Amino acid sequence: MNIDISGLMKAHEEDGDYTGDDGLLYCGKCHTRKQMRLPVNPFTGSSDPAIVPTACQCQQEADKEAEEREKQERFNQAMRTRWEDGISRPGGLRHTFSEDDHVKPQEVAACQRYVDYWEELKAENIGMLLYGSVGTGKTFLASCIGNGLLEKRVPVVSTNFPRLLNLLQETREKQKLLDRLSVYKLLILDDLGVERDSAYAAEQIFNIIDARGSSGLPVIVTTNLTLEELEHPTSMQYARIYDRVLEMCPIRIKLTGDSRRRGNAEKRKKIAQQILLG
Ligand SMILES: Nc1ncnc2c1ncn2[C@@H]1O[C@H](COP(=O)(O)OP(=O)(O)OP(=O)(O)O)[C@@H](O)[C@H]1O
Ligand SMILES: [Mg+2]
């Protein structure tokens with residue numbers, strides 16, 4: 001059998017590439033070799049030295065980037081499938097740090113560091129509490145952290161208590177549902193304190209928080225409640241919940257100021273006027 005290997009032996013030559021003093025082809029962009037010399041021909045086994053193609057530096061980098069992109073795409077697809085479990089809140093991970101308007105640089109930098117030091121923080125089960133009045137950017141920042149971690153291929157979910165309470169109410173396998181939360185290395189629980197105030201709700205919230213605490217995995221909680229309200233709840237049931245939340249969230253970031261939604265509404269009103277009135 002005669003196999004033509006000439007194509008395999010040839011380096012891919014592009015404009016600007018050149019032959020070096022050693023007789024090998026060099027890349028015109030990164031000036032590293034696109035060919036190497038082997039003492040034996042790898043395809044025929046003959047002991048004649050052979051010149052074979054090799055990836056220059058920029059080709060190696062491009063290959064690595066393509067491999068990373070492919071891995072990320074596979075991870076994103078797996079996450080999208082996982083989020084169909086009903087736990088995930090649609091739009092809960094909409095925002096990224098690139099959208100930040102630089103109004104709160106310190107708070108944003110702390111959230112960025114949470115992403116940067118994720119491995120260390122996760123090892124210590126250190127979660128974060130984002131608290132403050134309405135429209136101050138708590139959900140926005142939680143979402144930025146979530147997306148920052150998704151880019152590191154960390155499984156994240158953003159949900160809230162009303163959604164989890166509905167799921168728990170619908171299922172007979174409550175423990176299984178609580179266990180499923182631990183497939184997410186970071187759990188974002190948005191809006192603690194807005195759920196209906198009933199003994200049943202409090203019991204389920206306790207179960208959710210307790211299950212997360214036992215899993216040893218971090219949580220980010222956002223809430224309109226003040227630290228004072230979290231530290232001194234009026235009922236014993238909520239004392240047991242908030243005590244755990246505070247233990248699980250040693251990083252506490254207070255967001256202050258007026259609701260950003262008002263400013264956003266003004267901007268959008270102006271855009272609408274321009275579109276409609278020309
Ligand atoms: N750092 C930021 N940069 C740009 N836009 C922001 C920032 N923080 C918040 N926003 C925008 O401001 C609006 C309100 O923010 P967000 O929903 O995060 O507030 P919140 O504190 O979660 O409010 P609530 O207490 O009502 O849940 C959103 O439209 C959000 O996209
Ligand atoms: Mg919010």
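In this text, all values refer to a predicted model and were calculated from it rather than measured experimentally.

Engineer: Describe the overall build of the protein chain, and please don't skip the residues or the numbers.
Structural biologist: Along the backbone of the protein chain there are 11 helices and nine strands. The C-alpha atoms of the protein chain give 27 Å as radius of gyration, which overshoots the globular expectation for 278 residues (19 Å, by more than 25%). Each of the three principal axes of the protein chain carries a C-alpha extent, and together these read 85 × 55 × 35 Å. Sorting the 278 residues of the protein chain into buried and exposed places 38% on the buried side. For the protein chain, long-range pairs separated by at least 24 residues make up 73% of all intrachain contacts whose partners lie at least 6 apart in sequence. Accessible surface, the protein chain as shown: approximately 16,600 Å² in total, 50% of it carbon and sulfur.

Engineer: Give a description of the side chain of Arg 212 that names residues and reports values.
Structural biologist: By the secondary structure assignment, Arg 212 is in helix α8 (residues 199-215). Of the side chains bearing the opposite charge, Asp 179 lies closest to the buried Arg 212, which forms no salt bridge; the N-O distance is 10 Å. Each residue touching Arg 212, except ones within four places of it in the same chain, is listed here: Leu 181, Ser 182, Tyr 184, Lys 185, Leu 186, Leu 187, Leu 217, Pro 218, Val 219 and Met 248.

Engineer: Outline unusual backbone geometry, listing residues and values.
Structural biologist: Unlike most non-glycine residues, His 102 shows phi in positive territory, near 65 degrees. When you line up the elements, His 102 lands in the loop between α2 (57-82) and α3 (105-116). The exposed category is assigned to His 102, whose relative accessible area is 61%. We note that Arg 153 has phi near 60 degrees; this positive angle belongs to a residue other than glycine. Looking at the secondary structure, you find Arg 153 in the loop between α5 (138-150) and β6 (156-160).

Engineer: Which residues make up a nonpolar patch on the surface, and what values go with them?
Structural biologist: On the surface, a nonpolar cluster with roughly 510 Å² of combined accessible area is contributed by Ile 271, Ile 275, Leu 276 and Leu 277. On the secondary structure map, Ile 275 appears in helix α11 (residues 260-277).

Criteria and cut-off values
Residues numbered from 1 in each chain as written. Chains lettered and ligands numbered in written order. Predicted model: local features only at pLDDT ≥ 70, side-chain atom pairs only at ≥ 80, totals over all residues. Heavy atoms only, no water. Helix = DSSP H or I, 4+ residues; strand = E, 2+ residues; numbered from the N terminus. Rg over C-alpha atoms; globule rule 2.2 N^0.38 Å. Buried < 20%, exposed > 50% of the residue type's maximum accessible area, 1.4 Å probe, protein only. Contact = heavy atoms within 4.5 Å. Areas by Shrake-Rupley, 256 points an atom, 1.4 Å probe, with all protein chains shown as cover. Lys, Arg positive; Asp, Glu negative; His and termini not counted. Salt bridge = Lys/Arg side-chain N within 4 Å of Asp/Glu carboxyl O. Patch = residues over 30% accessible without salt bridge, like charges linked within 9 Å, V, L, I, M, F, W, Y side chains within 5 Å.

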